[in-house]
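Structural overview for review
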Amino acid sequence: MSPETSMRIRRGALIFTAVTLCAFLVYTATDSIRPGSFSSSSFASILPSYLNYSSPPAPESTLELEEILKNASTVNKTVIVTTLNDAWASPGSIVDLFLKSFKLGDGTHKLLDHLVIVAMDQRAYNRCLIVHKHCYALVTKGVDFHQEADFMTPHYLKMMWRRIDFLRTVLELGYSFVFTDADIMWFRDPFPRFFPDADFQIACDNFLGRSDDMNNSPNGGFNYVKSNDRTIAFYKFWYSSREAYPEFHDQDVLNKIKFDPIISNIGLKIKFLDTAYFGGLCEPSRDLNVVCTMHVNCCIGMDRKLNDLRIMLQDWRAFVSLPSDLKNQSIISWRVPRNCSLNSVRHVDTSKAGND
């Protein structure tokens, strides 16, 4: 083959490659704006630039987190996540009662296989390694989260927003999650009570009767979130909104942004969970035959929380020991709040590593 012929073949190959690449790029750009299509790149073109925000952990930390999530996940890549600091991790404290509820609950013991405890400090991580098998150390540079975080102090706010940012990372890694505060007792498997078509569903301090009523009062201590582009964008928006409301914690900011047009632009489907199944001291689940979880919210102080959590577990034990016919008669009801008070100012809590 002559040098001239060889040169023509190479030029032809280069031209063919360039044309093919251009065609592919045009097809991709067109596909991204087809009706019904959805991607992170299309978000960037229609929504504010902060949705491109990302603050990923160090590569080695990401690999460790992925391994832990993989080991803990269900077959459909779902995990249960709680956060823990040293104030709640000591023997006989909140975390022990939290884990005990899974063991005493109806069909909940198996869910411990899917629980990831995210330790906010080294002492909480060390304690986690003793009591549970899926532990992740979430280190925040320059911040020590081991002490009790007084409600609405800068320390508390940093802890809350660090949690939101971490959960966004979990979604970006492709895992759906149930987030639960550790002062929530698990009495039944909640998954059958979740809405199959919702992206983001959350418990309430007060439930107004309809799951789609945006006037419900959400409680950030318990939510089920599916991993998709809509929820990832939502968590970025939620986290970024802290700058617009610098003196508010994540739950109050959520209560403000839930009406924002960006939520509908994202296409996020929100549902609020009925307190009949997902109750708390703000609004208890009255029927122990159907309750899934109970939250010691609307409660001030570690000692008060511990006292009412222990009473709650005693009430549950008494209920499950009843014969079936007596259970249906609802002869046992909660004896809580006892040391906690429903007259407490809502959202005022000085002893926790999570929302009240």
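Located above this text is the structure these notes cover.
Keep in mind it's a predicted model, so treat the numbers as computed, not measured. (Residues numbered from 1 in each chain as written. Predicted model: local features only at pLDDT ≥ 70, side-chain atom pairs only at ≥ 80, totals over all residues. Heavy atoms only, no water.)

Across its full length, the chain carries 12 helices and 10 strands. With 356 residues in all, the chain has 49% of them scored as buried. Long-range contacts, defined here as pairs at least 24 residues apart, represent 73% of the contacts in the chain between residues at least 6 apart. Carbon together with sulfur atoms contributes 55% to the accessible area of the chain, which is approximately 16,300 Å² in total. (Helix = DSSP H or I, 4+ residues; strand = E, 2+ residues; numbered from the N terminus. Buried < 20%, exposed > 50% of the residue type's maximum accessible area, 1.4 Å probe, protein only. Contact = heavy atoms within 4.5 Å. Areas by Shrake-Rupley, 256 points an atom, 1.4 Å probe, with all protein chains shown as cover.)

All chains considered together, the criterion is met by 15 salt bridges. Residue Asp 113 is joined to Lys 133 by a salt bridge in which the shortest nitrogen-to-oxygen separation is 3.0 Å. Within this pair, whereas Asp 113 is found in the loop between α5 (94-104) and β2 (115-119), its partner Lys 133 is found in the loop between α6 (122-131) and β3 (135-137), the two being separated by 20 residues in sequence. With relative accessibility at 37%, the residue Asp 113 sits in the partly exposed group. (Salt bridge = Lys/Arg side-chain N within 4 Å of Asp/Glu carboxyl O.)

Looking now at the state of the cysteines. Taken as a whole and assessed by the stated rule, the structure comprises three disulfides. Paired by a disulfide, Cys 299 and Cys 340 hold their sulfur atoms 1.9 Å apart. Classification of the bridge connecting Cys 299 and Cys 340 rests on its S-S torsion, roughly -60°, and on that basis the disulfide is left-handed. Of this pair, Cys 299 sits in the loop between β10 (293-295) and α11 (302-320) while Cys 340 sits in the segment after α12 (324-327), and the two are 41 residues apart along the sequence. (Disulfide = S-S within 2.5 Å.)

Before going further, it helps to examine the sheet that holds strand β1 (residues 78-84). Taken together, the seven strands give an open sheet; going across it, the order is β3-β2-β1-β4-β7-β6-β8, and neighbouring strands pair in mixed fashion. A strand with exactly one partner marks an edge of an open sheet, and here the two such strands are β3 and β8 (270-272). Pairwise comparison of adjacent strand axes, ignoring direction, gives a mean angle of 30° for this sheet. Direction of pairing for strand β4 (residues 176-180) relative to strand β7 (residues 217-225): antiparallel, over a ladder of four bridges. The residue of β7 that forms the bridge with Thr 180 is Phe 222. Across the sheet, α5 is in contact with β1, β2 and β4; its angle to β2 comes to roughly 175°. (Pairing = 2+ DSSP bridges. Axes fitted to C-alpha atoms, helices over the stretch in contact; angles between N-to-C directions.)

Here we come to the packing of helix α8 (residues 229-240) against helix α9 (residues 250-257). Viewed as axis vectors pointing N to C, α8 and α9 meet at an angle of 110°, and their least axial separation amounts to 10 Å. Of the possible angle classes, the one that applies to α8 and α9 is roughly perpendicular. Seen along the crossing, α8 lies across α9 with a hand that is right-handed. Facing α8, whose interface residues are Phe 234, Phe 237 and Trp 238, α9 presents Asp 250, Val 253, Leu 254 and Ile 257. For the contact of α8 with α9, the residue count by class is six nonpolar, no polar and one charged. (Parallel < 35°, antiparallel > 145°, perpendicular 65-115°, else oblique. Left-handed = near helix turned anticlockwise from the far one by under 90°. Nonpolar A, V, L, I, M, F, W, Y, C, P; charged D, E, K, R; others polar.)

A few words now on the sheet that holds strand β5 (residues 184-186). Across the sheet, which stays open at both edges, the three strands sit in the order β5-β10-β9 with mixed pairing between neighbours. Lying at the two open borders of the sheet, with one neighbouring strand each, are β5 and β9 (278-280). Averaged over all adjacent pairs, the angle separating strand axes in this sheet is 20°, with direction ignored. With three bridges connecting them, β5 and β10 associate as antiparallel partners. Considered in β10, the bridge of Met 185 is made with Met 294.

Taken as a whole and judged by the stated rule, the model has 22 aromatic pairs. Seen from their ring centres, Phe 191 and Tyr 224 are 5.9 Å apart, and the 75° between their planes marks the pair as edge-to-face. Within this pair, whereas Phe 191 is found in the loop between β5 and β6 (200-206), its partner Tyr 224 is found in strand β7, the two being separated by 33 residues in sequence. For Tyr 224, a relative accessible area of 9% puts it in the buried group. Ring centres of Phe 222 and Phe 278 lie 5.3 Å apart, and the angle between their planes is 35°; this geometry places the pair in the tilted category. (Phe/Tyr/Trp six-rings, centres within 6.5 Å; stacked < 30°, edge-to-face > 60°.)

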